[in-house]
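Structural description and commentary
Letter by letter, the chains look like this.
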Number of protein chains: 2
Amino acid sequence: MDERTEISALGEFGLINHLTQNNETKNASTIVSVGDDAAVIDHFGRQTVISTDLLLEGIHFDLSYTPLKHLGYKSIIVNLSDIYAMNAIPTQVLMSIGFSNRVSLEALDDFYAGVYAACEEHGVDLVGGDTSTSQKGLVISVTAIGEVAPDRFVKRNGAQPNDLICVSGELGGAFLGLTLLEREKKIFETTGAQPDLEGQSYIVGRLLKPEARKDIIEYFAEADLKPSSMMDISDGLSSDIMHICKESNTGCVLYEDKLPLNEDAKAFAYQLLLDPTACALSGGEDYELLFTVSQADYEKVKNNPSVSVIGYITDVTEGKHLITRAGNKHALVAQGWNHIK
Amino acid sequence: MDERTEISALGEFGLINHLTQNNETKNASTIVSVGDDAAVIDHFGRQTVISTDLLLEGIHFDLSYTPLKHLGYKSIIVNLSDIYAMNAIPTQVLMSIGFSNRVSLEALDDFYAGVYAACEEHGVDLVGGDTSTSQKGLVISVTAIGEVAPDRFVKRNGAQPNDLICVSGELGGAFLGLTLLEREKKIFETTGAQPDLEGQSYIVGRLLKPEARKDIIEYFAEADLKPSSMMDISDGLSSDIMHICKESNTGCVLYEDKLPLNEDAKAFAYQLLLDPTACALSGGEDYELLFTVSQADYEKVKNNPSVSVIGYITDVTEGKHLITRAGNKHALVAQGWNHIK
């Protein structure tokens, strides 16, 4: 049933034409898009924000349980998340892809369907990239560009003692989704049994189809709220809050009972005898926003139902701690995902 | 003698700190550099130009004869070349690298020494990137950003009939360097004989340590000369002039006796029974600039000794031809390097 067209039938330029034939630009700032040596972008009076990510097969994703369309979508999202984490609005992306000859044109089309869906969802233009064969494995490199009004960008180093620590959405779901899929993969490999993902669409979706929190950045603009520091949670809350503390030269206190956990995720964690709090602290790839605001802005963050206040910033001498439900105080440990081990 | 430090001893963030500890910003437009979710760049009143390239081991380079420092240098240069090819000045780069556990910290240091040398040479700031392990092979992805005054950028689609076709430097050297190194590699593999590169430093250097033609872009600014179209020669002259003709909807005539060939390169071509003209037409990776100017600008290009006028643009109906030394007319064939075969 499935068609299989060898990419070699098109050649590099034929392939680029094929993949970009329906690519329309959405941003007035996009002056020159795909098809020249470089893209040209006009950011008069605004500052350009730029970020890049590498996604490698076998390290960042496993094609045995990752649909290519989802992978294309996620590749864009993880980069846009970095742009939002600067309090900027993404405007353009560049997508480079290297693939072995086992990848068909139809497979690439699936991947790009996800890429274009993410671009559409976030109003960004695909303005360039590179395509290549690889000897082995799928190689994805995405660069995202955004813009921000001067002095509105938010770095990691601006947190002050007594600032409130806030996080969007819910934590730990992507880690549990990964745990489930890896478990089912092992079962399939040893017994041939089909994956049992019954009732686990939330955690699987958190891993395979994450979202970038555009809505939070839009809320900041509406509410005229500028966080004192911000980053996105890609390595895990404990690892990432420690980055903010290090860059800002502060300490912090987090409250276990304030950590936003999803009920489905919690249930699955218990089933695996995992501590949901540990999953929320150390699980990565949630792509939620972690930020700090001054106490004067408490009313503004309280009004957004997607935001949880989970602790506060302290003087650096006070260290970095978690207060448990029972009232005990534990030093935070960075146990985030680390692709270089 | 040689030290070998495992990268795992540092971890990802330790590695990034190590690789960027001497990284100083050179451009006033670089507001936020390495170390946050994204870099922030101020391009008030100028347009941002952006380009990206993927370089994969076994496809784009062979570590058996490519020193890592040269590879780092070249990875930056090939991207800057794309920025110059837009008539823009590069200002920032992002470098992503994926490497297997056979790569030591000392090897990465060599690679980054080349990266920083290229940045220094071209006055660009390294403002971001990504590091990751890979399952197999070295993966390099570079994104370069540049700036250009509004309406000074040069695309591929502006060539007009009667415009002069010009090229900087000399052509075919990198292809001959590759041919030599591949030959010596095969000899080494079968006989164990050490490579004989005697007298071939020119062609080997053209492949392993190419330059991007900043000087030509600076000359355009000094001479107040704006080419009607431009691109850099990465796939080979015949393939690349055909891109300009396709995008500009024109034909062209090239003259064999005007093609700029290096004497050392010619001598080596003859030694291999290769036609130096074919090497100049189809050899890639020279990273020279190919551009067109109106005839009124002839005096301006004539004054630059690095520029050769090699032909002219025709109406599209006249096709794309090479006039040989003997006065024969041949249709041009695109036989450039093609990484997707």
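This text goes with the structure placed above it.
Residues numbered from 1 in each chain as written. Chains lettered and ligands numbered in written order. Predicted model: local features only at pLDDT ≥ 70, side-chain atom pairs only at ≥ 80, totals over all residues.

1. Topic: the sheet that holds strand β2 (residues 39–42) of chain B
Formally: Strands were regarded as paired on the criterion that DSSP finds at least two bridges between them. Where helices and strands are cited, they refer to DSSP runs of H or I of at least four residues and of E of at least two residues respectively, numbered from the N terminus. For helices, the axis comes from a line fit to the C-alpha atoms of the stretch in contact; other axes are also lines fit to C-alpha atoms, and the angle between any two N-to-C directions lies between 0 and 180 degrees. We call two residues in contact when the distance between their C-beta atoms, placed using the backbone, is within 7 Å.
An order of β5(A)-β4(A)-β6(A)-β3(A)-β2(B)-β1(B) is seen for the 6 strands of this open sheet, with the pairing classed as mixed. Lying at the two open borders of the sheet, with one neighbouring strand each, are β5 (125–133) of chain A together with β1 (30–32) of chain B. With strand direction ignored, the average angle separating the axes of adjacent strands in the sheet is 20°. The strands touched by helix α2 (residues 68–84) of chain A are β3 (47–56), β4 (89–99) and β6 (139–148) of chain A; relative to β6(A), the strand with the most contacts, the crossing angle is about 35°.

2. As for the environment of Leu94(A)
The topology assignment puts Leu94(A) in strand β4. Non-local contacts of Leu94(A), meaning those with residues more than four positions away in its chain, are made with Val127(A), Gly128(A), Gly129(A), Thr143(A), Ile50(B), Thr52(B) and Thr143(B).

3. Looking at the relation of the copies chain B and chain A
Selection criterion: We place the copies in one frame by least squares, fitting the C-alpha atoms of every residue whose pLDDT is at least 70 in both.
Turning chain B through 180° and shifting it by 0.0 Å along the axis lays it on chain A, with an RMSD of 0.0 Å. Here the two chains are linked by the operation of a two-fold rotation axis. In terms of proximity to the rotation axis, the leading residue of chain B is Phe44(B), whose C-alpha is 2.6 Å off the axis. Both copies share a contact surface, since 100% of the interface residues of chain B are interface residues in chain A too.

4. With respect to the sheet that holds strand β9 (residues 250–255) of chain B
The strands making up a sheet associate through hydrogen bonds between their backbones, and the pairing can be parallel or antiparallel. All names here are of chain B. Sheet architecture is open: 7 strands sit in the order β8-β10-β7-β11-β9-β12-β13, paired in mixed fashion. Edge strands, defined here as strands with exactly one partner in the open sheet, are β8 (229–232) and β13 (329–331). Neighbour-to-neighbour, the strand axes of the sheet open up by a mean angle of 25°, direction not taken into account. Both β9 and strand β11 (residues 307–315) contribute to a ladder of 5 bridges, which runs antiparallel. Across the sheet, residue valine 253 finds its bridge partner in β11, namely tyrosine 312.

Shape is all these values report; function is a separate question.
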